[in-house]
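# Structural overview
Each chain is listed here by its residues.
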Amino acid sequence: MSKVKIAVLCSGGGTNLQAILDAQAAGNIPHGEVVLVVADSREAFALKRAESFGVETAVFDKREYPRAARESAILACLKAHGAELVVLAGFMTVLSAAFVKEYEGRILNIHPALLPSFGGVGMYGLHVHEAALARGVKVTGATVHYVTEECDGGPIIAQKAVEVMEGDTPEMLQQRVMREAEWVIYPKALEQVCKKMRGDTI
Ligand code: GAR
């Protein structure tokens, strides 16, 4: 059985990418393999993580490529590498409907809240945790979902709840959500999807 070729799209630190690469190295993603990491910023630390893992990288920097040109270049790169599944891991641009259509049902995203709470346009990174604290929720978490035209609105694949603690700052909450939820559920959801794509339901 050939493994599903996975491309991971990142913009920054890439800790979710790291969790995926670590899971792959540990043999926990037997149905898939990360073949490409794409960043939209030359400074994205995710690129270093990919390089030290021996994964090919490509950069289409926001400062050099206007949005439409960037998307076309990313799409061409994905196709050139034979990517079958696109994984957004801290990718901070909302993809256009045309892009989503090209990989319909084959784009995953992780969001740092329990969707449909604290999702949608403008809800990314630390803003999500600021909003959760401002609303006073006692439980938050992370969600892995399929990407559709509607920002953060696609079918949910996995979720994990995380407790909010008294005195949490957005940064503290972000770290806890990553450690207890994101890095745990993303690699698992990815294997689940890859397995399904290969028609293996066992
Ligand atoms: C993660 O918390 C991820 O859930 C969030 O950005 C962070 C990226 O961290 N993504 C979004 O907010 C997307 N709407 P990472 O680069 O270390 O994986």
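The paragraphs below set out a description of the structure included in this document. Small disclaimer: the values here were computed from a predicted structure and weren't measured.

The next thing to look at is the site of the ligand. In the vicinity of the ligand, 14 residues are found, and the nearest of them are Gly14, Thr15, Asn16, Gly125 and Glu182. Within the contact set of the ligand, an oxygen atom lies 2.8 Å away from a backbone nitrogen or oxygen of Gly14. With respect to the ligand, the side chain of Thr15 contributes an N or O atom lying 2.6 Å from an oxygen atom. Starting from 450 Å² of accessible surface for the ligand in isolation, the protein chains cover 93%. Judged by the proximity of its atoms to the pocket grid, the ligand belongs to the largest pocket.

Running from amino to carboxyl end, helix α5 (residues 126-135) crosses helix α6 (residues 170-197) at an angle of 110 degrees, the nearest separation of the two axes being 9 Å. One way to sum up the angle between α5 and α6 is to call them roughly perpendicular. When you trace α5 past α6, the crossing you get is right-handed. Together, Leu126, His129, Glu130 and Leu133 of α5 and Pro170, Glu171, Leu173, Gln174 and Val177 of α6 make up the contact between the two elements. Looking at the contact of α5 with α6 residue by residue, the class counts come to 5 nonpolar, 2 polar and 2 charged.

Here we come to the packing of aromatic side chains. Evaluated as defined, the whole model comprises 1 aromatic pair. Ring plane angle 85 degrees and centroid distance 5.5 Å describe the contact between Phe60 and Tyr65, whose orientation is recorded as edge-to-face. Take Tyr65: its relative accessible area is 27%, and that puts it in the partly exposed class.

Counting across every chain of the model gives 1 cavity of 30 Å³ or more. Approximately 40 Å³ is the volume attributed to the largest cavity. What lines the largest cavity is Arg67, Arg70, Glu71, Ile74, Phe91, Thr93 and Leu95. In terms of residue class, the lining of the largest cavity is made up of 3 nonpolar, 1 polar and 3 charged.

A few words on unusual backbone geometry. Here the amide bond leading from Leu115 into Pro116 is cis, since omega sits at 15 degrees, within 30 degrees of zero. Mapped onto the fold, Pro116 is located in the loop between β5 (107-111) and α5. In this model, Phe118 sits at a positive phi of 55 degrees, which is unusual for a non-glycine residue. Its location among the elements puts Phe118 in the loop between β5 and α5.

On to the layout of surface pockets, then. Taking a probe equal in size to a water molecule and rolling it over the atoms shows the remaining empty space. Size it by volume and the largest pocket reaches roughly 760 Å³. Lining the largest pocket are 37 residues, and of these Gly90, Phe91, Met92, Tyr124 and Gly125 lie nearest its centre. Listing elements by their share of the lining of the largest pocket, those giving two or more residues are α1 (15-25), β5 and α6. Here the lining of the largest pocket is composed, by residue class, of 15 nonpolar, 17 polar and 5 charged.

Below, the discussion takes up the sheet that holds β5. Pairing is mixed across the open sheet formed by 7 strands, whose spatial order is β3-β2-β1-β4-β5-β6-β7. Both outer strands of the open sheet, β3 (56-59) and β7 (156-163), are each paired with one neighbouring strand and no more. The sheet shows a mean angle of 20 degrees between the axes of neighbouring strands, direction not considered. Its contacts with the sheet put α6 on β1 (4-10), β2 (32-39), β4 (85-88), β5, β6 (139-146) and β7, and the angle it makes with β7 is roughly 160 degrees.

Cut-offs used in this document
Residues numbered from 1 in each chain as written. Predicted model: local features only at pLDDT ≥ 70, side-chain atom pairs only at ≥ 80, totals over all residues. Heavy atoms only, no water. Near = heavy atom within 4 Å. Polar contact = N/O pair within 3.5 Å; in protein donor to acceptor, adjacent residues only side chain to side chain. Areas by Shrake-Rupley, 256 points an atom, 1.4 Å probe, with all protein chains shown as cover. 1 Å grid on protein atoms, 1.4 Å probe; cavity = no way out; pocket = protein on both sides within 12 Å on 5 of 7 lines; lining within 4 Å. Sits in = over half its atoms within 2 Å of the grid points. Axes fitted to C-alpha atoms, helices over the stretch in contact; angles between N-to-C directions. Helix = DSSP H or I, 4+ residues; strand = E, 2+ residues; numbered from the N terminus. Parallel < 35°, antiparallel > 145°, perpendicular 65-115°, else oblique. Left-handed = near helix turned anticlockwise from the far one by under 90°. Contact = heavy atoms within 4.5 Å. Nonpolar A, V, L, I, M, F, W, Y, C, P; charged D, E, K, R; others polar. Phe/Tyr/Trp six-rings, centres within 6.5 Å; stacked < 30°, edge-to-face > 60°. Buried < 20%, exposed > 50% of the residue type's maximum accessible area, 1.4 Å probe, protein only. Points joined across faces, edges and corners; volume = space filled by probe spheres on them. Pairing = 2+ DSSP bridges.

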